[in-house]
Amino acid sequence: MRLSPTARIVLRTTALLGIAVIYLPLLLVLVNSLNPDRAFGWPPGGITTRWWADAWHSGGARSALWVSVRAGLGATAVALVLGTLVAFAVQRHAFFGRQTLSFLVVLPIALPGVVTGIALNSAFRSVLPPLGLGFGLLTVIIAHATFCVVIVFNNVAARLRRVSGSLEEAAMDLGAGPLRTFRDVTWPLVRSAVLAGGLLAFALSFDEIVVTTFTAGAGVQTLPLWIFGNLARPQQAPVVNVVAAVLVLASVIPVYGAQRLSGDTAAGSRI
Amino acid sequence: MSSLSRDPHPADGRPGGGTPGGAPGSGRGSGPGRTSGGAPGSGRGGAGGGAGGGPARGRRAVRAVVRTLHRRPRLRLALLLTAPLTWLVVAYLGALAALFLAAFWTTDPFTSNVVRTWNTGNFRQVLTTSVYWHVALRTLGTALAVTAVDIVVAFPIAFWTARIAAPRYRHLLVVAVLTPLWASYLVKAYAWRTILSTGGPLDWALKPFGLHGPGYGLPAVVIVLAYLWLPYMILPIHAGLAGLPDDVLDASADLGARTWRTFRSVVLPLVAPSVAAGSVFTFSLSLGDYIAVQIVGGKTQLIGNAIYSDVTLDLPLAAALATLPVAVVVLYLLAIRRTGALNSL
């Protein structure tokens, strides 16, 4: 498309401005974590690392981090298995209801979190007591797994779509059995997509708050729940801000990892 | 969302797999002969029979299972789908269905316990109480405004990353746009709380112009939600624009169309499905949000807040309220799926 130099400049400026706006709030969190003023007076009057030290020693933040990690690992493990299975079923088989299934799998992420949250909450409340169980970490893991499946599914399905079956056919034609074909051809091809999906599923579970609110037991506080609970406390604001800054920095890890692993725009698999 | 392009399902219609009798003997004969064929021969007679025969027999059993599965795609499919479908149906759809069933029950006003008598009182209450109407309309308006803002902001960014920026930087730019998507939702909403606070960075930046920020309220909610979901809009539009064939644009220019005409008559219609796909996320995510509303909304109430505040006291009413966004989202998804936009994701 032929664009006049003016249009080009206007588009470039708007785009750069847009990207700047995307990053400015995140940058602000980082800057404010060094802001000596408790109420984040702007512009900052100096630089301090005091809040970082405080956050490091904050017991609440530490135990919340540990809970989040365990919930994320549990949900990711379930999601890896289920998401990969569905991806293989949908991409390598033709069956009645295939399109409905791929529509259903994405529902947990498309429907409002509050709906998923209260649905799971009332389901747990009627199912768990007869089993002698209550709300706890397990309920969080189950809830998170339902939407983490989508991320793994998206990643693996995208990969399977790209490497159509011809390579597997070739392996079979050369005399490899089904097991060998899977081990030497299929699995190496999808392995990185599975891993990338797992990384991103963990990241999604790690910062989920809405569904967590409704499914966590009384003693189970994930990091987002901890942040949300402390937002209203001015006394805790600097420490919350440091934790937020750490989360911003840490969010680069799964995206970078997934990008390295699957090469494609894996970061888009949240969509 | 999966592309619906149908491969010729190689695993099912493979010639080798279709000849059960011939395959093991001829094609794969060398494999079994070396491993499972060799081990039992020495193992069964010799002293080390128990040690040598076990693994070999196990391996042979695995092979048998794999071969059976290979020959029976239906069985394989059933095995692939059983666990995920059980999970999806039991844990998710079952819970959803139970919730909507609960919308037809009532609550004991004194104990807040759910009474399981079938009635449509909750829906009547939702539909006839003007507060709920206002909340519902405000929510719908917010979701539409967020979507509109995102389309307007995302288009230039996507146009730049897809067609103007030097090709070798394009991929990097997309990653740069998408990375903030994985930064915590809460952190981003929280950052905006600081930005919009009285005397905060926005007020400070606007002060020289004699202006001030919007403060907490509905405009702040629209801004923050638009910010939160922006990457969901940029990525599909980027993909759509990147997929535009150059010759279509050249043809338009050769036929005398100027930039604006080409944009309006060629680019926009071709990218419309991508915009629709992006809007699924901006629209449906906005419909149910209540956390960002709590953080920057001041006294604003959207439907998510109404559901949230009703949950503990009156679950059936909350369930009836929840049917509204779910119905809107599902209808929206189905309408968009009809246009084929979901395939472009």
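Residues numbered from 1 in each chain as written. Chains lettered and ligands numbered in written order. Predicted model: local features only at pLDDT ≥ 70, side-chain atom pairs only at ≥ 80, totals over all residues. Heavy atoms only, no water.

As recorded in an unreviewed UniProt entry, chain A goes by ABC transporter permease and comes from Actinacidiphila acidipaludis. Entered under Subcellular location (unreviewed entry) in the UniProt record, the comment concerning chain A runs "Cell membrane". (UniProt positions renumbered as here; feature names shortened; annotations may be inferred.)

So what's going on with the overall build of chain B? Residues and values would help.
When its secondary structure is counted, chain B shows 17 helices and two strands. Counting only residues that meet the buried cut, chain B has 47% of its 345 residues in that class. A sequence separation of at least 24 residues applies to 68% of the contacts in chain B between residues at least 6 apart. Accessible area for chain B stands at about 16200 Å²; split by element, carbon and sulfur atoms hold 66% of it. (Helix = DSSP H or I, 4+ residues; strand = E, 2+ residues; numbered from the N terminus. Buried < 20%, exposed > 50% of the residue type's maximum accessible area, 1.4 Å probe, protein only. Contact = heavy atoms within 4.5 Å. Areas by Shrake-Rupley, 256 points an atom, 1.4 Å probe, with all protein chains shown as cover.)

How would you sum up the UniProt feature "transmembrane region" (unreviewed entry) in chain A? Please name residues and give values.
Residues annotated by UniProt as "transmembrane region" (unreviewed entry) correspond here to residues 9–31, 64–89, 101–120, 132–153, 185–203, 209–227 and 239–257 of chain A. Helix makes up 100% of residues 185–203 of chain A and strand makes up 0%, while its end C-alpha atoms are separated by 29 Å.

Which residues make up the confidence of the model for chain A, and what are the values?
Chain-level statistics for chain A give a pLDDT mean of 85 and a share of 96% at 70 or above. Helix α12 (residues 252–262) of chain A is the least confidently modelled element of chain A, averaging 79 in pLDDT, while helix α3 (residues 59–92) of chain A averages 92, the highest of any element. (pLDDT = per-residue confidence, 0-100.)

Break down the interface of chain B and chain A for me, with residues and values.
Tallying the contact residues gives 101 residues for chain B and 102 residues for chain A. With both sides pooled, the region where chain B packs onto chain A buries about 9300 Å², and carbon together with sulfur makes up 77% of that total. Three residues stand out in chain B for area buried against chain A, namely W87, W182 and Y190 of chain B, and they jointly supply 10% of the buried area on that side. At the boundary of chain B and chain A, one finds four residue pairs in polar contact (both at pLDDT 80 or more). The greatest single-element share of the side of chain B that touches chain A, amounting to 18 residues, is contributed by helix α6 (residues 73–102) of chain B. (Buried area = accessible area lost by both parts, 1.4 Å probe. Polar contact = N/O pair within 3.5 Å; in protein donor to acceptor, adjacent residues only side chain to side chain.)

Describe the UniProt feature "domain: ABC transmembrane type-1" (unreviewed entry) in chain A, listing the residues and the values that go with them.
Within this structure's numbering, the places UniProt gives as "domain: ABC transmembrane type-1" (unreviewed entry) are residues 65–258 of chain A. For residues 65–258 of chain A, the end-to-end C-alpha separation is 22 Å, with 81% helix and 0% strand making up the annotated structure.

Quick one: what's the story with helix α12 (residues 218–242) of chain B, residue by residue and with numbers?
Residue and element names in this part refer to chain B. End to end, α12 covers 35 Å across 25 residues, agreeing with the expected 36 Å (1.5 Å per residue, within 8%). Most pronounced at W229, the bend in α12 amounts to some 45°, and the proline P231 follows within four residues. For α12, a buried count of 20 out of 25 residues is recorded, marking the element as mostly surrounded by other parts of the structure. (Expected span 1.5 Å × (residues − 1). Bend = angle between axes of the 7 residues up to and from the residue.)

Explain the packing of helix α5 (residues 113–131) of chain A against α6 of chain B to me, and be specific about the residues and the numbers.
Between α5 of chain A and α6 of chain B, the least distance of the axes is 8 Å, while the angle of their chain directions is 90°. With respect to their mutual orientation, α5 of chain A and α6 of chain B come out roughly perpendicular. On the side of α5 of chain A, the interface is formed by V115, T116, I118, A119, L120, S122 and A123 of chain A, while α6 of chain B contributes A91, Y92, A95, L96, L99 and F100 of chain B. Across the contact of α5 of chain A with α6 of chain B, the residue classes tally to 11 nonpolar, two polar and no charged. (Axes fitted to C-alpha atoms, helices over the stretch in contact; angles between N-to-C directions. Parallel < 35°, antiparallel > 145°, perpendicular 65-115°, else oblique. Nonpolar A, V, L, I, M, F, W, Y, C, P; charged D, E, K, R; others polar.)

Residue-level account of the packing of aromatic side chains, with values.
Applying the stated criterion across every chain, the model contains 14 aromatic pairs over all chains. Between F202 of chain A and F206 of chain A, the aromatic rings sit 5.7 Å apart at their centres with planes inclined by 25°, giving stacked as the arrangement. Of this pair, F202 of chain A and F206 of chain A are both found in helix α8 (residues 178–206), four residues apart, which corresponds to roughly one turn of the helix. Using a relative accessible area of 16% as the deciding quantity, one classes F206 of chain A as buried. For the ring pair Y185 of chain B and W229 of chain B, a centre distance of 6.0 Å and an interplane angle of 20° mean the geometry is stacked. Remark: W229 of chain B occurs in helix α12 and Y185 of chain B occurs in helix α10 (residues 185–196); sequence separation between them is 44 residues. Between R62 of chain A and the ring centre of W56 of chain A, over which it is positioned, the NZ or CZ distance is 4.8 Å. (Phe/Tyr/Trp six-rings, centres within 6.5 Å; stacked < 30°, edge-to-face > 60°. Lys NZ or Arg CZ within 6 Å of the ring centre and 35° of its normal.)

Explain the pattern of salt bridges to me, using residue names and the numbers behind them.
Evaluation of the coordinates by the stated rule reveals four salt bridges over all chains. In this structure, R92 of chain A and E168 of chain A form a salt bridge, with 3.5 Å as the shortest nitrogen-oxygen distance. Taken as a pair, R92 of chain A in helix α3 and E168 of chain A in helix α7 (residues 166–173) lie far apart in primary sequence, 76 residues in all. Judged by its relative accessible area of 5%, R92 of chain A is buried. Note that R163 of chain B and D246 of chain B form a salt bridge whose closest N and O atoms lie 2.5 Å from each other. Here R163 of chain B is found in helix α8 (residues 130–164), whereas its partner D246 of chain B is found in helix α13 (residues 246–254), with 83 residues between them in sequence. Given the relative accessible area of 48%, D246 of chain B is considered partly exposed. (Salt bridge = Lys/Arg side-chain N within 4 Å of Asp/Glu carboxyl O.)

Hey, could you go over the environment of L225 of chain B for me, with residue numbers and the actual values?
Residues and elements named next belong to chain B. Looking at the element boundaries, L225 is found in helix α12. For L225, a relative accessible area of 0% corresponds to the buried category. The spacing of L225 and H212 is 13 residues in sequence and 20 Å in space, taken between C-alpha atoms. Contact partners of L225, with chain neighbours within four places excluded, come to T142, V146, S286, D289 and A292.

I'd like a rundown of empty space enclosed by the protein, residues and numbers included.
Here the structure, examined in full by the defined rule, presents six cavities of 30 Å³ or more. There is about 60 Å³ of room inside the second largest cavity. In terms of lining residues, the second largest cavity is bounded by L82, V86, L101, V105 and V149 of chain A together with L81, P84, L85, W87 and L88 of chain B. Of all the elements in the fold, those that place two or more residues in the lining of the second largest cavity are α3 and α4 (98–110) of chain A together with α6 of chain B. The element contributing the most residues to the lining of the second largest cavity is α6 of chain B, with five residues. (1 Å grid on protein atoms, 1.4 Å probe; cavity = no way out; pocket = protein on both sides within 12 Å on 5 of 7 lines; lining within 4 Å. Points joined across faces, edges and corners; volume = space filled by probe spheres on them.)

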